Amino acid sequence: MIGLVSEVDRYIYSNAGNSLGGFNATYAVGTTGIACHFVSLSPREREALRAVGGANAKVADHLIMFEHGTTLAIQDRLKFGSDYYEVLGISDPDEMSHHIEVQVARVQGLTK
């Protein structure tokens, strides 16, 4: 596996009831300092994903690789430096339990 030279913190997604009877997304700190390899997707790669997902789909702008067995879930957020990223997809690309690849999109203007 390529070197896991970066670290992210996991924020776990959940829905919490609000005073109006609806739900609000909340994020609680999960695991911190998870070793990973962080890769920015090129404009060409992002456009290919957009073509598959449709014009209104959320499109990944980064790919993060983790050791197989790392616990993550769709809609979790990952903090890398001062930026937050929403988990859009998780895959085991070689289906050999070697590593997982997580597709993420940067969350604009949020602190958590």
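In this report, the structure presented in the accompanying data block is examined. Treat the numbers as computed from the prediction; the structure is a model and nothing was measured. (Residues numbered from 1 in each chain as written. Predicted model: local features only at pLDDT ≥ 70, side-chain atom pairs only at ≥ 80, totals over all residues. Heavy atoms only, no water.)

A word on the packing of aromatic side chains
Then, number 1: Under the criterion given, the structure shown has four aromatic pairs.
Then, number 2: Each ring, one from Tyr-11 and one from Tyr-84, has its centre 5.5 Å from the other, and the planes form 70°; the classification is edge-to-face. Residue Tyr-11 is located in strand β1 (residues 6-17), and its partner Tyr-84 is located in strand β6 (residues 83-91); the two are separated by 73 residues in the primary sequence.
Then, number 3: A connected cluster of aromatic rings, assembled from ring pairs, spans Phe-38, Phe-80 and Tyr-85. (Phe/Tyr/Trp six-rings, centres within 6.5 Å; stacked < 30°, edge-to-face > 60°. Helix = DSSP H or I, 4+ residues; strand = E, 2+ residues; numbered from the N terminus.)

Focus on the environment of Arg-50
Then, number 1: Of note, Arg-50 is situated in helix α1 (residues 43-53).
Then, number 2: Look at Arg-50 and you get partly exposed, because its relative accessible area is 35%.
Then, number 3: Sequence separation between Arg-50 and Ala-105 is 55 residues; the distance between their C-alpha atoms is 12 Å. (Buried < 20%, exposed > 50% of the residue type's maximum accessible area, 1.4 Å probe, protein only.)

Regarding the pairing of β6
Then, number 1: In this structure, strand β5 (residues 77-80) lies alongside β6, joined through four bridges in antiparallel fashion. The residue bridging Phe-80 from the neighbouring strand is Asp-83, located in β6.
Then, number 2: Connecting β5 to the antiparallel partner β6 that follows it, the hairpin turn spans two residues, and Gly-81 within it adopts a positive phi of roughly 65°. (Pairing = 2+ DSSP bridges.)

Observations concerning the pattern of salt bridges
Then, number 1: Within the structure shown, the criterion is met by three salt bridges.
Then, number 2: A salt bridge links Asp-76 to Arg-10; its shortest N-O distance comes to 2.6 Å. You can see Asp-76 sitting in the loop between β4 (62-67) and β5 and its partner Arg-10 sitting in strand β1, a full 66 residues away along the chain.
Then, number 3: On the basis of relative accessible area, Arg-10 is assigned to the buried category, the value being 10%.
Then, number 4: We note a salt bridge from Lys-58 to Glu-86, for which the minimum N-O separation is 2.8 Å. With Lys-58 in the loop between α1 and β4 and Glu-86 in strand β6, this pair connects stretches of sequence that are 28 residues apart.
Then, number 5: Its relative accessible area of 12% is what places Glu-86 among the buried residues. (Salt bridge = Lys/Arg side-chain N within 4 Å of Asp/Glu carboxyl O.)

Concerning the pairing of β1
Then, number 1: Across three bridges, β1 lies against strand β3 (residues 34-40) in antiparallel orientation. Considered in β3, the bridge of Val-8 is made with Ile-34.
Then, number 2: Sheet topology note: the β1/β5 ladder contains three bridges and is antiparallel. Residue pairing across strands places Arg-10 opposite Leu-78, the latter belonging to β5.
Then, number 3: Here β1 pairs with strand β2 (residues 23-29) via seven bridges, running antiparallel. Directly across from Gly-17, in β2, lies its bridge partner Phe-23.
Then, number 4: Here β1 folds back onto β2 in antiparallel fashion, the turn holding five residues, of which Gly-21 has a positive phi close to 85°.

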